[in-house]
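# Observations on chain architecture
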Amino acid sequence: MQKFDVIIIGAGAAGLLAAIQLKKEAQQAACALLEKATRPGRKLLATGGGRCNIANRNAGPAYYYTAAGENTDFVAPVFAAYPVADDLAFFAELGLLTKEEEDGKLYPLGDQAAAVLDVLRLQAAAVGAELYTETEVTAIRPGFILSTTRGDIAARAVILAMGGVASPQLGSAGDFAALLRPLGHRATKIYPALTQLKCPSQLPKALQGVKFTGRAAIYKEETELAAAAGEILFAAYGLSGPPILQLSRLAAAAYPAAPAEPLTVRLDLLPQFSLDAVRAELAARRNLPFTLADMLSGLLNKRLGQQLLRLITDKKLAAPAASLDDYEIERLARQIKALTLPVSGVCGWREAQVMAGGLALEQFDPATLASRLLPGLFAAGEVLDICGACGGYNLSWAWSSGRLAAHAAALYLKEGRHA
Ligand SMILES: Cc1cc2nc3c(=O)[nH]c(=O)nc-3n(C[C@H](O)[C@H](O)[C@H](O)COP(=O)(O)OP(=O)(O)OC[C@H]3O[C@@H](n4cnc5c(N)ncnc54)[C@H](O)[C@@H]3O)c2cc1C
């Protein structure tokens, strides 16, 4: 039977960084990365629309949630040990430089996700971490003996870095809970997060492909649950864009069990204007030589403007703008500031960027990411019940937690116990 000091299950973001960190701290340690796919890091290539939003400068407890939808301090010791600046320095040492864009979002200087995977893959090989692709771990026995599709493999320590179940077409699978249950580890409920909202209304269909920069808020009756701003996209199924992905966690947690109080989304199409200012602008536009068809051009996307007018009046679009009465102007202003759509759920696992939920946190020590049940077992990345906000937070978690788990595993090898 093949034997290693450390086996890392999953050669994704967390697993690759863990392998490099481990070999940095325990050069002599025999380390294997077991990956069930034909190649490592497939999901990384798809991140950030191919640009890879590699990290977020602001990573910290305020941007991470558990399956229960609550912020969690579990991440605090992880980012204290490996802050984002330190992860960026680590990448710079590997030859990957980064740049910062809005809201603390960080990207590779060359704007290519493939470069991130290349530096990790090449460095993992250079430091002597052995990569076994097409090797799926099917059982873990304490000790450790791992059953894999290549036969049994033994290890002194194991790092779980097998990710979640979001975007299964990129290699994720739902086997982490079944794998860990025999060892006494529990998984929380899981649901797709950072995905699109389904809005069963004609409006998004009619506006398919139209984008605007605005604010979206999720409402339960008259209570605003959360809001986010940025570029929003209408699609046949409903809404997409970064603010929508950000809010989707709330909708995903509420559905599919039809909630007693259905959620709605309210869109502010002109967040830079108050309701009074919109009203005044619309009233002034009645005096311009517009028909209703182009009354809102120059203020909003033309198709969007025409659909809004259809919502507030039966008048033909060829009618003059001056034909709108004060009541119609008021309704139009309110539609612009709070266009309300019903939410029937979220798009599913295929479209989701991350999994909300995962291995229950109370069974892991946040200072080392070691299992509280089984000495020598560590976990990192999305497999844990940590879900980050949209904007580079999930990769930041994968990097920092992968490094901490590897650091703790290296100490465990040296001392035969957890630090
Ligand atoms: C389309 C898309 C875009 C995204 N964009 C961004 C972004 O720009 N910024 C950001 O911060 N986050 C982004 N994310 C989220 C981010 O990619 C993930 O949170 C991150 O990759 C999680 O890292 P991980 O190592 O925990 O898991 P993964 O990267 O999923 O890696 C887990 C690996 O384990 C392997 N594996 C699973 N089970 C087994 C097994 N039993 N045996 C052996 N191997 C196994 C899998 O094949 C996989 O390669 C995006 C996600 C998607 C889907």
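Conventions and cut-offs
- Residues numbered from 1 in each chain as written.
- Predicted model: local features only at pLDDT ≥ 70, side-chain atom pairs only at ≥ 80, totals over all residues.
- Heavy atoms only, no water.
- Pairing = 2+ DSSP bridges.
- Helix = DSSP H or I, 4+ residues; strand = E, 2+ residues; numbered from the N terminus.
- Contact = heavy atoms within 4.5 Å.
- Axes fitted to C-alpha atoms, helices over the stretch in contact; angles between N-to-C directions.
- Salt bridge = Lys/Arg side-chain N within 4 Å of Asp/Glu carboxyl O.
- Buried < 20%, exposed > 50% of the residue type's maximum accessible area, 1.4 Å probe, protein only.
- Phe/Tyr/Trp six-rings, centres within 6.5 Å; stacked < 30°, edge-to-face > 60°.
- Parallel < 35°, antiparallel > 145°, perpendicular 65-115°, else oblique.
- Left-handed = near helix turned anticlockwise from the far one by under 90°.
- Nonpolar A, V, L, I, M, F, W, Y, C, P; charged D, E, K, R; others polar.

### Quick look at the sheet that holds strand β16 (residues 263-268)
- Taken in spatial order, the seven strands make up an open sheet running β17-β16-β13-β14-β15-β12-β18, and their pairing is antiparallel. Sheet topology places β17 (339-342) and β18 (345-346) at the edges, where each strand pairs with a single neighbour.
- Pairing of strand β13 (residues 211-220) with strand β14 (residues 223-235), which is carried by 10 bridges, proceeds in the antiparallel orientation. Note on β14: the bridge partner recorded for F212 is I232.
- Sheet strands touched by helix α11 (residues 326-337): β16 and β17. Its angle to β16, the strand with the most contacts, is close to 105°.

### Focus: the pattern of salt bridges
- As enumerated under the stated definition, the model contains 22 salt bridges in all.
- We note a salt bridge from K24 to E93, for which the minimum N-O separation is 3.7 Å. Of the two residues, K24 is situated in helix α1 (residues 13-25) and E93 in helix α4 (residues 84-93); the sequence distance between them amounts to 69 residues.
- Since its relative accessible area comes to 48%, K24 is described here as partly exposed.
- The shortest N-O distance in the salt bridge between E101 and K99 comes to 4.0 Å.

### Let's talk about the pairing of strand β6 (residues 105-108)
- Burial along β6 is two-sided: the face carrying K105 and Y107 and the face carrying L106 and P108 are both buried.
- The hairpin formed by strand β5 (residues 98-100) and β6 contains four residues between the paired strands, and D103 there has a positive phi angle of roughly 55°.

### Let's talk about the packing of aromatic side chains
- As enumerated under the stated definition, the model contains nine aromatic pairs in all.
- Summarising the aromatic geometry, the rings of Y64 and W397 are spaced 6.4 Å apart at their centres and angled 50° between planes, so their arrangement reads as tilted. You can see Y64 sitting in strand β4 (residues 64-65) and its partner W397 sitting in helix α12 (residues 393-415), a full 333 residues away along the chain.
- Judged by its relative accessible area of 0%, Y64 is buried.

### Let's talk about the packing of α1 against helix α5 (residues 113-126)
- Running from N to C, α1 and α5 cross one another at 40°; their axes reach a closest spacing of 9 Å. Judged by the inter-axis angle, α1 sits oblique to α5. Pair α1 / α5 crosses with left-handed handedness. Listed contacts from α5 to L16, L17 and I20 of α1 are L117, L120, Q123 and A124.
- Taken together, the residues of the contact of α1 with α5 sort by class into six nonpolar, one polar and no charged.

### Thoughts on the environment of L299
- In this fold, L299 is placed in the loop between α9 (275-285) and α10 (302-312).
- In sequence terms L299 and V278 are 21 residues apart; their C-alpha atoms lie 9.9 Å from each other.
- Residues within four places of L299 in sequence aside, it is in contact with L270, E281, L282 and R285.

### Focus on the sheet that holds strand β3 (residues 55-56)
- The three strands lie next to each other as β3-β6-β5, forming an open sheet whose pairing is antiparallel. Of all strands in the sheet, those with a lone pairing partner are β3 and β5, marking the two edges.
- Pairing of β5 with β6, which is carried by three bridges, proceeds in the antiparallel orientation. Residue pairing in the sheet places K99 in a bridge with Y107 of β6.

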